Amino acid sequence: HANIGGIYSGTDVWMSEKQGGAWTKAANINTLNSKHNSAVVGISHDDKTLYMLYASGNKKNNGIYFSKVSNSAWQKPEFVFIPGLESTGFTGFYVTPEFDVMIISMKRDDTRGAEDLYLSVKDETGRWSAPKNMGPVINTTGFEITPFLSVDKNRLYFLSNGHVGEGDADIFYCDKLYDSWETWSSPRNAGPKVNSKKFDAGFSIYGDSVAYFSSNRETMLA
């Protein structure tokens, strides 16, 4: 109910800081939000640039946004066009800290199932390629969403209900082969220490020893 636009508005970006081992109370970042949907899909290595989804009414989603921090305040998001970005439903993104690779989850004419993963890369002129389906090794007749790349860009984590898993939908990972975005190892389940019989999604790693993900399971991991 504290979102910009009230209880019937879209999603907002909030921020909490870790201080002395505990997280501070989350605060709404007003300049990044509207009555529609806002979400963070990446952050630069220096923590001074956010990559975002920033919807505005019925406007077609054909790109993403970025916001830079200035004088301790986040600036209004600026638009980045991605050619050929077309989705018939929900669209999700992961953007690398270097802002040179995007993994996109969406549904369009060449999607195998509910949602597939697509790849877009930025060339030396700063232009983004049209998203390309990442192929049948990764994508199934189910849905593949919430992508995340390792720091070296060689391991991809994602959620799927189309690969064999522990339950409702699981987190999987696969490795890039031969330094090619076209070739990936067969996805492996992240295992019962991460996945459950419920819905587990949004896996991400920051630092050397901590991973975050969301789940609707009733009990916490041991």
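Below or above, wherever it landed, is the structure these notes cover. The model shown is predicted, which means the values in this text are computed figures rather than measured ones.

## Things to note about the overall build of the protein chain
Now for step 1: Regarding its fold elements, the protein chain presents zero helices and 19 strands.
Now for step 2: Over its C-alpha atoms the protein chain spans a radius of gyration of 18 Å, differing by no more than 12% from the 17 Å that the globule rule assigns to 222 residues.
Now for step 3: In terms of overall dimensions, the protein chain has C-alpha extents of about 45 × 45 × 35 Å along its principal axes.
Now for step 4: Residue burial in the protein chain is summarised as follows: out of 222 residues, 41% are buried.
Now for step 5: If you take every contact in the protein chain between residues at least 6 apart in sequence, the share linking residues at least 24 apart comes to 37%.
Now for step 6: When the accessible area of the protein chain is evaluated, it comes to approximately 12,700 Å², of which 52% is carbon and sulfur surface.
Now for step 7: For the protein chain, the separation between the mean place of its 22 positive charges and that of its 25 negative charges on side chains is 3 Å.

## Overview of the sheet that holds strand β11 (residues 101-106)
Now for step 1: As summarised here, the arrangement of the four strands in space is β10-β11-β12-β13, forming an open sheet in which the pairing is antiparallel. Because the sheet does not close on itself, it has two edges, and the strands there are β10 (92-95) and β13 (132-133).
Now for step 2: For β10 and β11, the ladder comprises four bridges, and the chain directions are antiparallel. Among the inter-strand pairings, tyrosine 94 is bridged to a residue of β11, identified as isoleucine 103.

## Quick look at the sheet that holds strand β17 (residues 188-189)
Now for step 1: Strand order in the open sheet formed by four strands is β14-β15-β16-β17, and the pairing between neighbours is antiparallel. One side of each edge strand has no neighbouring strand; the edge strands of this open sheet are β14 (144-149) and β17.
Now for step 2: Where strand β16 (residues 170-175) and β17 come together, two bridges link them in antiparallel fashion. Within β17, the residue paired with tyrosine 173 across the bridge is arginine 188.

## Section: the pairing of strand β6 (residues 49-54)
Now for step 1: Most of β6 is tucked away, with six of its six residues classed as buried.
Now for step 2: Where burial is concerned, the two faces of β6 agree: the one with Thr49, Tyr51 and Leu53 and the one with Leu50, Met52 and Tyr54 are both buried.
Now for step 3: Here strand β5 (residues 38-43) pairs with β6 via five bridges, running antiparallel. From the neighbouring strand, valine 40 faces β6, where its bridge partner is methionine 52.

## Some remarks on the nonpolar core
Within soluble globular proteins, side chains that are nonpolar generally end up buried alongside one another.
Now for step 1: Counting 19 residues, the largest nonpolar core has Ile103, Met134, Ile138 and Leu156 as its most contacted members.
Now for step 2: Only β11, β12 (116-121), β14, β15 (155-160) and β16 provide two or more residues apiece to this core.
Now for step 3: Take this core: its biggest share by element is four residues, from β16.
Now for step 4: Beyond its immediate chain neighbours, meaning those up to four positions away, isoleucine 103 contacts Gly92, Phe93, Tyr94, Leu117, Tyr118, Leu119, Met134, Pro147, Leu149 and Leu156.
Now for step 5: Counting 16 residues, the second-largest nonpolar core is a separate cluster that includes Val41, Val80, Phe99 and Met102.

## Overview of the side chain of aspartate 116
Now for step 1: Structurally, aspartate 116 can be placed in strand β12.
Now for step 2: Buried charge without a partner: aspartate 116 forms no salt bridge, and the closest opposite charge is arginine 112, 5.3 Å away.
Now for step 3: A polar contact is formed between the side chain of aspartate 116 and the side chain of asparagine 133, at a distance of 3.0 Å.
Now for step 4: Here aspartate 116 is in contact with Ile104, Ser105, Met106, Asp110, Thr111, Asn133, Asn139, Thr140 and Glu144, once residues within four sequence places are set aside.

## Considering the packing of aromatic side chains
Now for step 1: For the structure on display, the rule yields nine aromatic pairs.
Now for step 2: Look at tyrosine 65 and phenylalanine 79: their rings are 5.2 Å apart centre to centre, the planes differ by 65°, and that puts the pair in the edge-to-face class. Placement of the pair is tyrosine 65 in strand β7 (residues 63-70) and phenylalanine 79 in strand β9 (residues 78-81), with a sequence separation of 14 residues.
Now for step 3: When the ring of tryptophan 181 is compared with that of tryptophan 184, the centres are 6.1 Å apart and the planes differ by 50°; the resulting orientation is tilted.
Now for step 4: Taking the relative accessible area as the measure of exposure, tryptophan 184 reaches 7% and is therefore buried.
Now for step 5: In textbook terms, an aromatic cluster arises when at least three aromatic residues are bridged by ring pairs, as seen for Tyr94, Phe148, Tyr157 and Tyr173.

Procedures and definitions
- Residue indices follow the written sequence of each chain, beginning from 1 at its first position.
- Selection of residues for local features in this predicted model requires a pLDDT of at least 70, selection of side-chain atom pairs for listing and counting requires 80 or more, and totals for whole chains, interfaces and linings are taken over all residues.
- For side-chain calculations, the full set of non-hydrogen atoms in the structure is used, while hydrogens and water are omitted.
- A run of DSSP states H or I qualifies as a helix once it reaches four residues; a run of E qualifies as a strand once it reaches two. Both are numbered from the N-terminal end.
- Note that the radius of gyration is over C-alpha atoms, with the globule rule given as 2.2 Å times the number of residues to the power 0.38.
- The buried label goes to any residue with under 20% of its type's maximum accessible area, the exposed label to any with over 50%, and the partly exposed label to all in between, with areas taken from a 1.4 Å probe on protein chains only.
- The contact criterion used throughout is that any non-hydrogen atoms of two residues lie within 4.5 Å.
- Here the open area of atoms and residues is found with the Shrake-Rupley method and a 1.4 Å probe, where only the protein chains shown may cover a residue.
- Counting rule for charge: Lys and Arg are taken as positive, Asp and Glu as negative, and neither His nor the chain ends is counted.
- Note on charges: their place is set at NZ of Lys, CZ of Arg, CG of Asp or CD of Glu.
- By the convention used here, strands pair only if DSSP detects at least 2 bridges between them.
- What is meant by a nonpolar core is a set of buried Ala, Val, Leu, Ile, Met, Phe, Trp, Tyr and Cys residues, joined one to another through side-chain atoms within 4.5 Å.
- What makes a salt bridge here is a side-chain nitrogen of Lys or Arg within 4 Å of a carboxyl oxygen of Asp or Glu, nothing more.
- In protein, a polar contact requires one atom able to donate a hydrogen and another able to accept it; more generally it is a pair of N or O atoms within 3.5 Å, and residues adjacent in sequence count only if both atoms are side-chain atoms.
- Only centres within 6.5 Å qualify two rings of Phe, Tyr or Trp (six-membered ring in Trp) as a pair; their planes then separate them into stacked at under 30 degrees, edge-to-face at over 60, and tilted for everything else.

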